Amino acid sequence: MEVFLDSLLKSRYAAEKKTILALCEKGNTFSLADLARELGTSIPKITRIVGELEQAGVLSDWGKQESAAGRRPSLYGLNPGAGVFVGVEVGQKEIALAVTDFTGRIIQFQDGIAYTLTGTEESVLGLCACVKKQLRKYHLDPAPVRGVGVNLTGRVNYRTGYSYSYYISEEKPIRDILEEGFGWPVFIENDSRGMAFGEYMSGIAGDARTVLFLNVGWGLGMGMVLDGKLFAGKSGFSGEIGHFPLLDNHQICRCGKVGCLETGASGQALHRLIGEQLAKGHPSILSAAYAGGREITLNDILDAVEKEDVTAIECVEQVGSTLGRAVAGLINLFNPDVVVIGGRLCVTEQYLMPPLLGAVNRLSLNLVSNDTVIKVSRLGNKAGAVGASLLAKHRLLNR
Ligand SMILES: [Zn+2]
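So, here's what we can say about the structure. Remember, predicted model here, so these are calculated numbers, not experimental data.

**Examining the overall build of the protein**
Right, on to step 1. For the protein, the count of helices and strands is 13 helices and 14 strands.
Right, on to step 2. Against the globule reference of 21 Å for 399 residues, the protein gives a C-alpha radius of gyration of 23 Å, in line with a compact fold.
Right, on to step 3. Viewed in the frame of its principal axes, the protein has a C-alpha envelope of about 75 × 55 × 35 Å.
Right, on to step 4. Put simply, the protein has 399 residues, and 51% of those count as buried.
Right, on to step 5. Taking as baseline every contact in the protein between residues at least 6 positions apart, the subset at least 24 positions apart corresponds to 62%.
Right, on to step 6. A total accessible area of about 18,500 Å² is found for the protein, and carbon and sulfur atoms account for 50% of it.
Right, on to step 7. Distance from the positive charge centre (41 side chains) to the negative charge centre (42 side chains) of the protein: 5 Å.

**Overview of the packing of aromatic side chains**
Centre-to-centre distance and the angle between the planes together describe a pair of aromatic rings.
Right, on to step 1. Taken as a whole and assessed by the stated rule, the structure comprises 6 aromatic pairs.
Right, on to step 2. Between the aromatic rings of Tyr162 and Tyr167, the centroid separation amounts to 6.1 Å while the plane-to-plane angle is 25°, which identifies the pairing as stacked.
Right, on to step 3. Measuring from ring centre to ring centre gives 6.1 Å for Tyr164 and Tyr167, while their planes differ by 20°; the resulting arrangement is stacked.
Right, on to step 4. With a relative accessible area of 42%, Tyr164 lands in the partly exposed category.
Right, on to step 5. Residue classification places Tyr167 among the partly exposed positions, given a relative accessible area of 36%.
Right, on to step 6. An aromatic cluster is present here, built from Tyr162, Tyr164, Tyr167 and Phe237 joined pairwise through their rings.

**Points about the pairing of strand 10 (residues 211–216)**
Right, on to step 1. Most of strand 10 sits inside the fold, with 6 of its 6 residues counted as buried.
Right, on to step 2. A two-sided burial pattern is seen for strand 10, the buried positions comprising Val211, Phe213 and Asn215 on one face and Leu212, Leu214 and Val216 on the other.
Right, on to step 3. Summarising the sheet, strand 10 and strand 11 (residues 220–226) pair through 6 bridges and their orientation is antiparallel. Each bridged residue has a counterpart across the sheet, and for Val211 the counterpart in strand 11 is Val225.
Right, on to step 4. Bridge count for strand 10 against strand 13 (residues 338–342) is 5 bridges, and the pairing is parallel. Note on strand 13: the bridge partner recorded for Asn215 is Gly342.

**Considerations on the coordination of the zinc ion**
Right, on to step 1. For the zinc ion, the full set of protein donor atoms is His243 (ND1), Cys253 (SG), Cys255 (SG) and Cys260 (SG), at a range of 2.0 to 2.3 Å.
Right, on to step 2. The site at the zinc ion holds 4 donor atoms, and with the angles between them running 105 to 122°, its shape is tetrahedral.
Right, on to step 3. If you list the donors of the zinc ion from N- to C-terminus, the spacing comes out as H-x9-C-x1-C-x4-C. Note that His243 is positioned in the loop between strand 12 (229–231) and helix 7 (267–279) and Cys255 in the loop between strand 12 and helix 7, a separation of 12 residues in sequence.

**Comments concerning the pattern of salt bridges**
Right, on to step 1. Scanning the entire structure with this criterion turns up 15 salt bridges.
Right, on to step 2. Asp34 is the partner of Arg37 in a salt bridge, and the nearest nitrogen-oxygen pair spans 2.9 Å. Here Arg37 pairs with Asp34, and both are found in helix 2 (residues 32–39), just 3 residues apart, close to one helical turn.
Right, on to step 3. You can call Arg37 exposed: its relative accessible area is 62%.
Right, on to step 4. Exposure remark for Asp34: the relative accessible area of 22% places this residue in the partly exposed category.
Right, on to step 5. A salt bridge links Glu276 to Arg272; the nearest nitrogen and oxygen atoms lie 2.9 Å apart. Of this pair, Glu276 and Arg272 are both found in helix 7, 4 residues apart, which corresponds to roughly one turn of the helix.
Right, on to step 6. Classification of Arg272 as partly exposed rests on a relative accessible area of 23%.
Right, on to step 7. One salt-bridge network, in which partners are shared between bridges, spans Arg12, Lys17 and Glu52.

Rules used in this analysis
Residues numbered from 1 in each chain as written. Predicted model: local features only at pLDDT ≥ 70, side-chain atom pairs only at ≥ 80, totals over all residues. Heavy atoms only, no water. Helix = DSSP H or I, 4+ residues; strand = E, 2+ residues; numbered from the N terminus. Rg over C-alpha atoms; globule rule 2.2 N^0.38 Å. Buried < 20%, exposed > 50% of the residue type's maximum accessible area, 1.4 Å probe, protein only. Contact = heavy atoms within 4.5 Å. Areas by Shrake-Rupley, 256 points an atom, 1.4 Å probe, with all protein chains shown as cover. Lys, Arg positive; Asp, Glu negative; His and termini not counted. Charge placed at Lys NZ, Arg CZ, Asp CG, Glu CD. Phe/Tyr/Trp six-rings, centres within 6.5 Å; stacked < 30°, edge-to-face > 60°. Pairing = 2+ DSSP bridges. Donors = N, O, S within 2.8 Å, 3.2 Å for Na, K, Ca; no water. Tetrahedral: all angles 85-135°; square planar, octahedral: opposite > 155°, others 65-115°. Salt bridge = Lys/Arg side-chain N within 4 Å of Asp/Glu carboxyl O.

Structure (structure tokens):
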């Protein structure tokens, strides 16, 4: 399979071409003079390089600069028509799908597509078929798909293409099977890391270079952009904040250890806390279901919070306070520009954030925490699929 951009980026001025594409990656535009300055080279040389990128169809003339005085130069940016990228977020029983154009604009998003991925080759190929079926509904032609990003839960090594939650065999990483099924280049990543990248690229952090993203879903994960780079660690196993042994609550974690942060600050912690309250007979709109022996899901709890159920709100506040304790530690450790709180529990923002911010104020070093802004996810439920799509573009441009 001849990979898009490969020949272009192996031609003359390859390094300059890569730099220009990287500069334009967030949807920015530049005049020839800007680019010459950025790359420290001459205008005639930049004109030649930009001409080649334009001829290849990856860069386009976005028109004249609006507010400049005197002669107005043309601005160049990525060509939106140069292709599309597909992002897939694999959940427990469903997937979410996003399509972004070459500039990173979201052109399609769909969540709640029923599919259960298991660790077999047939199931992985079934996922490809399910995604392609959905893409056909969008009538994307003639815009070609340039790459697919797939977010998977758990430990993922994006370099080798292995996922340890969906382990197929020693010989065949899941990424290779996905490439066979799709027929396009595939880039896999851990879900929290993909989401972190989506938020970083969507501009929630402005020009910030160090961004921590907390994925507060059923579990608790973290994605880190450190000094402008998505950080994966040696083998892609970084960000396991959920299993930081921070709590003295004697709760056994799903990893088998005791007192992991996740047992107090996650969707499953919220689920446990509300179960304890209901068992004690605290009044709640969930009481009848609990008494009747019906299983109470995280969605039921989030619905109860939306309906202003006091018992459910108090449990969310407790989760917020515990999470804030961890955020205080992270701020002291990383001195980040921005901490983004994302994941499913974001919908309880109104009740989750005040105790979280209170704990950060109380427990972090003032000088350090005054340097950091804490924000709630901008992309919300789109963060995973959109992040995967933007990351596919990023990895393709930076191969
Ligand atoms: Zn654990």
